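Descriptive structure summary
Next come the chains, spelled out residue by residue.
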Amino acid sequence: MSVEKKLTAVIVDDEELARAVLREMLSHHADIEVTAECANGFEAVKAVSERKPDLLFLDIQMPKLDGFEVLELIGTDMAIVFATAYDQYALRAFEVHAVDYLLKPYGADRFEAALARARERAGEKKPAPAELRASATPPGQFADRIVVRDGANVHIIPTAKLDFVEAQDDYIAIASKGAKHLKQQTISSIETALDPKQFLRIHRSYIVNLERVAKVEPYGKDSKVAILSDGTKLPVSRAGYARLREVLDGKA
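What you see is a predicted model, and the numbers here were worked out from it, not measured in a lab. (Residues numbered from 1 in each chain as written. Predicted model: local features only at pLDDT ≥ 70, side-chain atom pairs only at ≥ 80, totals over all residues. Heavy atoms only, no water.)

1. Things to note about the sheet that holds strand β1 (residues 7-12)
The line we're drawing: Paired strands are those between which DSSP finds at least two bridges. Secondary structure counts use DSSP, requiring at least four H or I residues in a row for a helix and at least two E residues in a row for a strand, with both numbered from the N terminus. In this analysis an axis means a line fitted to C-alpha atoms, helices contributing only their contacting stretch, and an angle means the value between N-to-C directions, from 0 to 180 degrees. Contacts were defined at the residue level, with two residues in contact if any of their heavy atoms lie within 4.5 Å.
Read across the open sheet, the 5 strands follow the order β2-β1-β3-β4-β5; overall the sheet is parallel. Only two strands of the sheet have a single neighbouring strand rather than two, namely β2 (32-38) and β5 (100-103). The average angle at which neighbouring strand axes cross in this sheet is 20 degrees, direction not considered. Bridge analysis of strand β3 (residues 55-59) against strand β4 (residues 79-84) gives 5 bridges, and the strand direction is parallel. The residue of β4 that forms the bridge with aspartate 59 is alanine 83. Packing of helix α1 (residues 16-26) onto the sheet brings it into contact with β1, β2, β3 and β5, and relative to β2 it is tilted by some 170 degrees. Seen against the sheet, helix α3 (residues 67-74) touches β3 and β4 and runs at an angle of roughly 145 degrees to β3.

2. Some points on the confidence of the model for the protein
Rules: Note: pLDDT gives the predictor's confidence per residue, expressed from 0 to 100.
Per-chain confidence: the protein averages 91 in pLDDT, with 97% of residues scoring 70 or above. Least confident of the elements in the protein is helix α8 (residues 238-251), whose mean pLDDT is 84; most confident is strand β12 (residues 206-209), at 98.

3. Examining the packing of aromatic side chains
The geometry of an aromatic ring pair is captured by two quantities: the separation of the ring centres and the angle between the planes. The condition that has to hold: Any two rings among Phe, Tyr and Trp, with Trp reduced to its six-membered ring, count as a pair given centres within 6.5 Å; such a pair is stacked if its planes are under 30 degrees apart, edge-to-face if over 60, and tilted if neither. Each residue's exposure class comes from its accessible area (1.4 Å probe, protein chains only) as a fraction of the maximum for that residue type: buried when under 20%, exposed when over 50%, partly exposed otherwise. Either the NZ atom of lysine or the CZ atom of arginine qualifies as a charge over a ring when it sits within 6 Å of the ring centre and within 35 degrees of the ring normal.
Inspection of the entire model under this criterion finds 6 aromatic pairs. An angle of 25 degrees between the planes, with centres 5.9 Å apart, marks the rings of phenylalanine 57 and phenylalanine 111 as stacked. In this pair, phenylalanine 57 is assigned in strand β3 and phenylalanine 111 in helix α5 (residues 108-120), connecting sequence segments 54 residues apart. Assigned by exposure class, phenylalanine 57 and phenylalanine 111 land together as buried. Relative to phenylalanine 82, the ring of phenylalanine 68 lies with its centre 6.3 Å away and its plane at 40 degrees, an arrangement referred to as tilted. Residue phenylalanine 68 is found in helix α3, and its partner phenylalanine 82 is found in strand β4; the two are separated by 14 residues along the sequence. Given a relative accessible area of 2%, phenylalanine 82 falls into the buried group. Arginine 110 extends its terminal NZ or CZ atom over the ring of tyrosine 101, reaching a point 5.4 Å from the ring centre.

What follows is the structure, encoded as structure tokens:
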């Protein structure tokens, strides 16, 4: 990053004192201008989308939307420094993916070191937000909701309301209550986030909510199709059918 032009920064933290501490520490850097402060994830999505900062200071533990969800909605086109209370899984994820973070409470030396590293790494490729979240999730814990951005709107979809997920190139289409929401994520990464007791990969392009499967019927010579309770038909691969039969037989 060049210091000739001012760098813009956005601070995101639900604690007013934490925002004040960051603002004070950044005030000693004449080349950095704080253009927005946000008290929750929704404000953060709006501010980052509008202001496109060079630097983002992002708290992880927040109500409404947490820091990982914010990142899923805004992308990683800026230098990011995470702030977190002690959380062994989040800290491990940051170490594994070599991202910059501040462990609360932190002092000026730790802040300066994180800021210097964030400046140096500004142009480097960052881990996908879904990858980072997966690394920070305790074993055996699965997503209870999915966040999707549609222009200026943010949709929060409880996984219980999810009917199926369909792969579409670099995106996934999330089907819920008759509507489809597009999200930039791979089907494999969302598969790891969903509870395998409730969701099953029935085809390389489809994951289905098992509660929605009404029946499975032959389709053509060697194919099968899953018919959902609303009449939707999804293709089932040979391997998917074997997995599906195993689950359904187990429930019988």
